[in-house]
Amino acid sequence: MTIHIIILGLIIVIVGSLAGLVNYLNFYFRKLIQNKKEVIRHILSGIGAAILVPLLLNMLSSDLINFDSDYNEINYFVFAGFCFVAGYFSDRFINSIGEKVLRDLENTKSQVNQVINETKDNEEKLDFLVTSESDSEEDIEDSLGINLSEFKSKTQFNDDDIKEKLDKVVNAFKGKYRFRSVKGLSKELNYPETLIRTILEGLENEGATKRFVRKDGKTLWGLTKIGKLIG
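Residues numbered from 1 in each chain as written. Predicted model: local features only at pLDDT ≥ 70, side-chain atom pairs only at ≥ 80, totals over all residues. Heavy atoms only, no water.

1. Side note on the environment of Gly184
One can find Gly184 in helix H8 (residues 182-189). Separated by twelve residues in the primary sequence, Gly184 and Ala172 have C-alpha atoms spaced 9.9 Å apart. (Helix = DSSP H or I, 4+ residues; strand = E, 2+ residues; numbered from the N terminus.)

Here is the structure:
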């Protein structure tokens, strides 16, 4: 692979220089150039254009210079041909590639900005949806009207009990609100918040629920497609 890179580098320098020299001689013998020192500019311009050939091939999704076990050595000559053409028409080639790169960058920037704006819009829509279709603060009292510690200590849950409570928690999402808070479910079902949170987190591990955090920092829960099949 290292030898492959070295060969490509030599082709770029040698063929680019040769193309720049031929281009200079073409202008010189046609008496379009009088200053012999211009040869240096043409040679360097030819090398610079040849250096851009791999960029062009990458933009064209070409695997001409991609090395693998089945790499055909004839590709070196094809690559040299590209470098010679680029070096000979160095000024036009460099300008064309530069303009294309700038256009692509502008398009990429526009696409990134569009994705950012769409993401922001979606977040705002989701936040609005979660806010509008969730149980509001006014619907939730600060307490359940019972001693939760006493309730928890006196109640023993068996498997059937847990299954019943899980079904009730899931079905609570299928009523008025699609998004629920732990406190709202606790008030509606008259279950301790710790139990509600444990059930929701257990369902989340199974991919049945998903939590959302609103911009105001409040955590709400919703059912996934899997969760909607439960109950």
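2. Concerning the layout of surface pockets
Of the volumes computed, that of the largest pocket is approximately 200 Å³. Arg178, Phe179, Gly222, Leu223 and Lys228 are, among the eleven residues lining the largest pocket, the residues nearest its centre. Among the residues forming the lining of the largest pocket, the class breakdown is five nonpolar, two polar and four charged. (1 Å grid on protein atoms, 1.4 Å probe; cavity = no way out; pocket = protein on both sides within 12 Å on 5 of 7 lines; lining within 4 Å. Points joined across faces, edges and corners; volume = space filled by probe spheres on them. Nonpolar A, V, L, I, M, F, W, Y, C, P; charged D, E, K, R; others polar.)

3. What to know about the packing of H8 against helix H9 (residues 193-205)
The relative placement of two packed helices comes down to the angle between their axes together with the axis-to-axis distance. The contact between H8 and H9 brings their axes to 9 Å, and the two run at 115°. Handedness of the crossing formed by H8 with H9: right-handed. Across from Val182, Lys183, Leu185, Ser186 and Leu189 in H8, the residues of H9 making contact are Glu193, Ile196, Arg197 and Leu200. A breakdown of the residues in the contact of H8 with H9 according to their chemical character gives five nonpolar, one polar and three charged. (Axes fitted to C-alpha atoms, helices over the stretch in contact; angles between N-to-C directions. Left-handed = near helix turned anticlockwise from the far one by under 90°. Contact = heavy atoms within 4.5 Å.)

4. Description of the nonpolar core
Judged by nonpolar contacts, the single largest core of 19 residues is most densely connected at Ile11, Val53, Leu57, Ile65, Phe79, Cys83 and Phe93. Among the elements that line this core, the one with the most residues is helix H4 (residues 74-88), at five residues. Dropping the residues within four chain positions of it, Phe93 is found in contact with Ala49, Leu52, Val53, Leu56 and Ala86. Core analysis: the second largest hydrophobic core is formed by 16 residues, Val169, Ile196, Ile199 and Leu203 among them. (Core = buried A, V, L, I, M, F, W, Y, C linked by side-chain atoms within 4.5 Å. Buried < 20%, exposed > 50% of the residue type's maximum accessible area, 1.4 Å probe, protein only.)

5. With respect to H8
Every α-helix winds through 3.6 residues per turn, so residues three or four apart in the chain are directed the same way. Val182, Gly184, Leu185, Ser186 and Leu189 are the residues of H8 that are buried. Of the residues flanking the end of H8, it is Asn190, one or two places downstream, whose phi is positive at about 65°.

6. A few points about the packing of helix H1 (residues 2-29) against H4
Where H1 contacts H4, the two axes come as close as 8 Å, and the packing angle between them is 35°. The two elements H1 and H4 meet at a crossing, and its hand is right-handed. Between H1 and H4, the contacting residues are His4, Ile7, Leu8, Ile11, Ile12, Val15, Leu18, Ala19, Gly20, Val22, Asn23 and Asn26 on the first element and Tyr76, Phe79, Ala80, Cys83, Phe84, Gly87 and Tyr88 on the second. Here the residues of the contact of H1 with H4 are counted per class, giving 14 nonpolar, five polar and no charged.

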